[in-house]
Amino acid sequence: MRIISGKYRGLKLLEFETEGIRPTADRVKESLFNILYGKVAGARVLDLFCGSGNLGIECLSRGADFAHFNDKSPESCALLKKNLAKIKDGNFKITNLDFAACLNMLSGNEKFDLIFLDPPYKTEAGRGALEIIAKRGLLAEKGIAVYERDRNFDGEVAGLEKFDERKYGKTFITFFRVVKQ
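Residues numbered from 1 in each chain as written. Predicted model: local features only at pLDDT ≥ 70, side-chain atom pairs only at ≥ 80, totals over all residues. Heavy atoms only, no water.

J.: Quick question: what am I supposed to make of the packing of helix α1 (residues 26-35) against helix α2 (residues 54-61) here?
T.: Packed helix pairs are specified by the crossing angle of their axes together with the interaxial distance, meaning the distance between the axes. Axis separation between α1 and α2 bottoms out at 12 Å; the angle between their running directions is 45°. Classified by the angle their axes make, α1 and α2 are oblique. Here α1 and α2 pass one another in a crossing that is right-handed. Between α1 and α2, the residues in contact are K29, L32 and F33 and N54, L55, E58 and C59, respectively. (Axes fitted to C-alpha atoms, helices over the stretch in contact; angles between N-to-C directions. Helix = DSSP H or I, 4+ residues; strand = E, 2+ residues; numbered from the N terminus. Parallel < 35°, antiparallel > 145°, perpendicular 65-115°, else oblique. Left-handed = near helix turned anticlockwise from the far one by under 90°. Contact = heavy atoms within 4.5 Å.)

Right under this line is the structure:
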């Protein structure tokens, strides 16, 4: 796993040694950031189920102003800290909370331009996170929430609209934005 572009391009990130943890593949990440081109520089980013920090660190490398990393696993946060120690600068925050606790502790004035949701595939935590994000107004007006999972996204989330979905092998990436009033 490596940083693809930006000031940390080529930086190898530490990965989990245990099975069952699935970081976003480089091929999927490269396609994702091609889609997000022009939206990362200057962005406020929330990497909600951050794991090793792969997506949020990629954003910092590409010029994001701020990244909030969150994962409920202490092991993930420990690995994240080791990966963040490899970068020389970067404005970031780390929390070690359940996704709902993290989202509910954020100030109502705190809005994010990019929110990455890459929860364990077997759960519906991503849908729950989208519902809280919409209810609390945490996605900026022109922001994008990116949900990674192993199947397409069915249904709706009040306050958000699904505007794109891509399939890469067994991985689906679904894009949401705030419903225009």
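J.: Any chance you could explain the state of the cysteines here in plain terms?
T.: In a disulfide, the sulfur atoms of two cysteines are held together by a covalent bond. Counted under the stated rule, the structure contains zero disulfides. C50 forms no disulfide, and the closest cysteine sulfur to it belongs to C77, at a distance of 5.5 Å. Take C50: its relative accessible area is 6%, and that puts it in the buried class. A relative accessible area of 4% means that C77 is categorised as buried. (Disulfide = S-S within 2.5 Å. Buried < 20%, exposed > 50% of the residue type's maximum accessible area, 1.4 Å probe, protein only.)

J.: So what exactly am I meant to see when it comes to the pairing of strand β5 (residues 139-149) here?
T.: For a regular strand, the rule is simple: side chains alternate between the two faces of the sheet. Of all eleven residues in β5, nine are buried, a share of seventy percent or more. One ladder, built from five bridges, connects strand β4 (residues 112-117) with β5; its direction is parallel. The residue of β5 that forms the bridge with L114 is I144. Here β5 runs beside strand β7 (residues 171-178); their pairing, made up of five bridges, is antiparallel. Across the sheet, residue V146 finds its bridge partner in β7, namely F175. (Pairing = 2+ DSSP bridges.)

J.: What's the story with α1 in this structure? I'm lost.
T.: Helical periodicity: at 3.6 residues per turn, an α-helix aligns residues three or four positions apart in one direction. Three or more residues of α1 are buried, namely V28, K29, L32 and F33. For α1, the arc enclosing every buried residue in end-on projection is 125°, short of the 170-degree limit, so these residues lie on one face. Opposite the buried face of α1, by more than 90 degrees, sit the exposed residues R27 and N34. Looking at the buried side of α1, the elements it contacts are α2, β4, β5, β6 (160-168) and β7. (Arc of directions from axis to C-beta.)

J.: Would you mind showing me how to read the pattern of salt bridges here?
T.: A side chain with one charge can pair with a side chain of the opposite charge if their charged atoms come near. Under the defined criterion, the tally for this structure stands at nine salt bridges. Note that R44 is salt-bridged to E110, the shortest N-O span being 3.4 Å. Of this pair, R44 sits in strand β1 (residues 44-47) while E110 sits in the loop between α4 (99-105) and β4, and the two are 66 residues apart along the sequence. Here E165 and K162 are joined by a salt bridge, their closest N and O atoms 3.6 Å apart. Relative accessible area serves as the criterion here: at 24%, E165 is assigned to the partly exposed category. Several salt bridges share partner residues, and in doing so they unite E124, R127, D150 and R151 into one network. (Salt bridge = Lys/Arg side-chain N within 4 Å of Asp/Glu carboxyl O.)

J.: How do you make sense of the packing of aromatic side chains when you look at a structure like this?
T.: Each aromatic ring pair is characterised by the separation of its centres together with the angle its planes make. By the definition in use, this model includes six aromatic pairs. Where F163 meets F175, the ring centres are 6.1 Å apart and the plane angle is 50°; that geometry is what we call tilted. Of this pair, F163 sits in strand β6 while F175 sits in strand β7, and the two are twelve residues apart along the sequence. Against the face of F112 rests R44, its NZ or CZ located 5.3 Å from the ring centre. (Phe/Tyr/Trp six-rings, centres within 6.5 Å; stacked < 30°, edge-to-face > 60°. Lys NZ or Arg CZ within 6 Å of the ring centre and 35° of its normal.)

These results come straight from atomic positions and should not be treated as a statement about function.
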